[in-house]
Amino acid sequence: MATWYVWTMDDAGAGGRDMVEAMRRVCAFLQSRGARMTLFVVPKPGGQPMSEEWLSALQEAQEAGHDLQLHGLTHEDCFEFGPPNWPATDISPSFIEEFERRREELMPRYTVPNLRQRIEEGLAIFHERFGVKPAVFRAPCGAISKPMFEALRQVGIRYHSCMYISGVGYEHLPHRSGVIAQKWVNDIPHTPFRWYNDVVELPVLNEYTWRGAWQREQEFLALAKEDASRIAQESEVAVLLTHTHGVGDNLDYAFRLIDTVIEHVRANRLGDFATLGELAANGELERAVRGEGPDILEV
Ligand SMILES: [Zn+2]
């Protein structure tokens, strides 16, 4: 069994010039290795139109074969499509208190019509600016709800990606364990799986370039190789996560990490690299589905 590995980058469209530059440089680096990025784009960052700089950078990326998918609508907080979820709560434990404090304000967001309207607004911006319909949705901060899945089904988006197989990529943060060693969850399948409203969830393997990870470089390079080898035994699709602000924290480290994974995958014939858009279009995502996800959402 060969595995399709997918590099994904979140929060494209949001942030200033440094973030645009981080995206551009990582995309160029992937191109130099014959691979492409799947960019999860915030279409209306902070409730404002995307900057001209972001628009042209994303259009250029698209022309170079990188893939644009939908990352919420405004991403103005971490509760846009549901209550806080792990491992965002490992990165920022304060999300739980903040949600409880704002519960009465936030809960009314999670209705099918409201979430559908937000997704449709994002789709309209994608249509107008990029001329594409996204195949995959990734809720900001992994905050999801049952009405979100119904809304995705209604607008014809069949894939979602935010659940994690491993959250070890955040264990270097000061309030975490500091242990950078392989640890995978067992409560969701490690393959793409059918979930609420028949939407297929594409679980995220891990993230190795969160802010500060470069201080533990050797351990993260070793972990990334170990994770890449193991997922090849278990799944035909492996989704790797990065963020604009994570790679931008130390681009040279990000290049070394990405290169290490690419060389490891190719040298060991574990598989090759593709974008989620390609794999949605050619049926590989659907073919990689194994089983159903557990009913774990309260909202
Ligand atoms: Zn995000």
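All of these numbers come straight from a predicted model, not from anything done at the bench. (Residues numbered from 1 in each chain as written. Predicted model: local features only at pLDDT ≥ 70, side-chain atom pairs only at ≥ 80, totals over all residues. Heavy atoms only, no water.)

Quick word on the coordination of the zinc ion
Moving on, step 1. Protein coordination of the zinc ion is provided by D11 (OD), H71 (NE2) and H75 (NE2), with donor distances spanning 2.1 to 2.2 Å.
Moving on, step 2. Along the chain, the residues donating to the zinc ion are arranged with the sequence spacing D-x59-H-x3-H. Of this pair, D11 sits in strand 1 (residues 3-12) while H75 sits in the loop between strand 3 (67-70) and helix 3 (88-91), placing them 64 residues apart in sequence. (Donors = N, O, S within 2.8 Å, 3.2 Å for Na, K, Ca; no water. Helix = DSSP H or I, 4+ residues; strand = E, 2+ residues; numbered from the N terminus.)

Re the state of the cysteines
Moving on, step 1. Tallying each qualifying case throughout the model produces one disulfide.
Moving on, step 2. In this model C78 forms its disulfide with C141; the gap between the sulfur atoms is 1.8 Å. Between C78 and C141 the disulfide shows an S-S torsion of about -50°. By sign, it is left-handed. Of the two residues, C78 is situated in the loop between strand 3 and helix 3 and C141 in the loop between strand 4 (136-137) and helix 7 (146-155); the sequence distance between them amounts to 63 residues.
Moving on, step 3. Under the relative-accessibility criterion, C78 is labelled buried at 14%.
Moving on, step 4. With no disulfide partner, C162 has as its closest neighbouring cysteine sulfur the one in C141, 10 Å distant. (Disulfide = S-S within 2.5 Å. Buried < 20%, exposed > 50% of the residue type's maximum accessible area, 1.4 Å probe, protein only.)

Brief notes about the side chain of T275
Moving on, step 1. Of note, T275 is situated in the loop between strand 10 (271-273) and helix 11 (276-281).
Moving on, step 2. Beyond its immediate chain neighbours, meaning those up to four positions away, T275 contacts V6, R36, M37, T38, G65 and D67. (Contact = heavy atoms within 4.5 Å.)

A short note on the nonpolar core
Moving on, step 1. Counting residues in each nonpolar core, the largest one holds 76 residues, and the members touching the most others are Y5, W7, M23, L39, L58 and I119.
Moving on, step 2. Top contributing element to this core by residue count: helix 10 (residues 251-267), with nine residues.
Moving on, step 3. When sequence neighbours within four positions are dropped, the list of residues in contact with Y5 reads A228, I231, A232, A238, L240, V265, L270, G271, D272, F273 and A274.
Moving on, step 4. In terms of nonpolar packing, the next biggest core, distinct from the first, is built from 21 residues, I91, V136, L202 and V204 among them. (Core = buried A, V, L, I, M, F, W, Y, C linked by side-chain atoms within 4.5 Å.)

What about unusual backbone geometry?
For residues that are not glycine, phi is negative in most cases, and the peptide bond is trans in most cases.
Moving on, step 1. In the segment running from W86 into P87, the intervening peptide bond is cis, with an omega of 5°.
Moving on, step 2. By secondary structure assignment, the location of P87 is in the loop between strand 3 and helix 3.
Moving on, step 3. Its identity is not glycine, yet H75 carries a phi of approximately 55°, on the positive side.
Moving on, step 4. Notably, N197 is not glycine yet its phi reads approximately 55°, a positive angle.
Moving on, step 5. Mapping N197 onto the fold places it in the loop between strand 6 (193-194) and strand 7 (200-201).
Moving on, step 6. Taking the relative accessible area as the measure of exposure, N197 reaches 31% and is therefore partly exposed.

Examining the environment of A57
Moving on, step 1. Within the fold, A57 resides in helix 2 (residues 52-63).
Moving on, step 2. Along the primary structure A57 and P93 are separated by 36 residues, whereas in three dimensions their C-alpha atoms are 33 Å apart.

Looking at helix 6 (residues 112-130)
Moving on, step 1. The end-to-end C-alpha separation of helix 6 is 26 Å, in line with the 27 Å expected for 19 residues at 1.5 Å each.
Moving on, step 2. Turning to helix 6, its buried residues are L115, I119, G122, L123, I125, F126 and F130. Angularly, the buried residues of helix 6 cover 160° about the axis, an arc narrow enough to put them on a single face. Away from its buried face, by an angle of more than 90 degrees, helix 6 presents the exposed residues P113, Q117, H127 and E128.
Moving on, step 3. Against the buried residues of helix 6 lie strand 2 (37-41), helix 2, strand 3, strand 4 and helix 7.
Moving on, step 4. For helix 6, the N-terminal cap is T111; the gap from its side-chain oxygen to the backbone nitrogen of N114 is 3.2 Å.
Moving on, step 5. Trailing helix 6 by a residue or two, G131 shows a phi angle of about 65°, which is positive. (Expected span 1.5 Å × (residues − 1). Arc of directions from axis to C-beta. Polar contact = N/O pair within 3.5 Å; in protein donor to acceptor, adjacent residues only side chain to side chain.)

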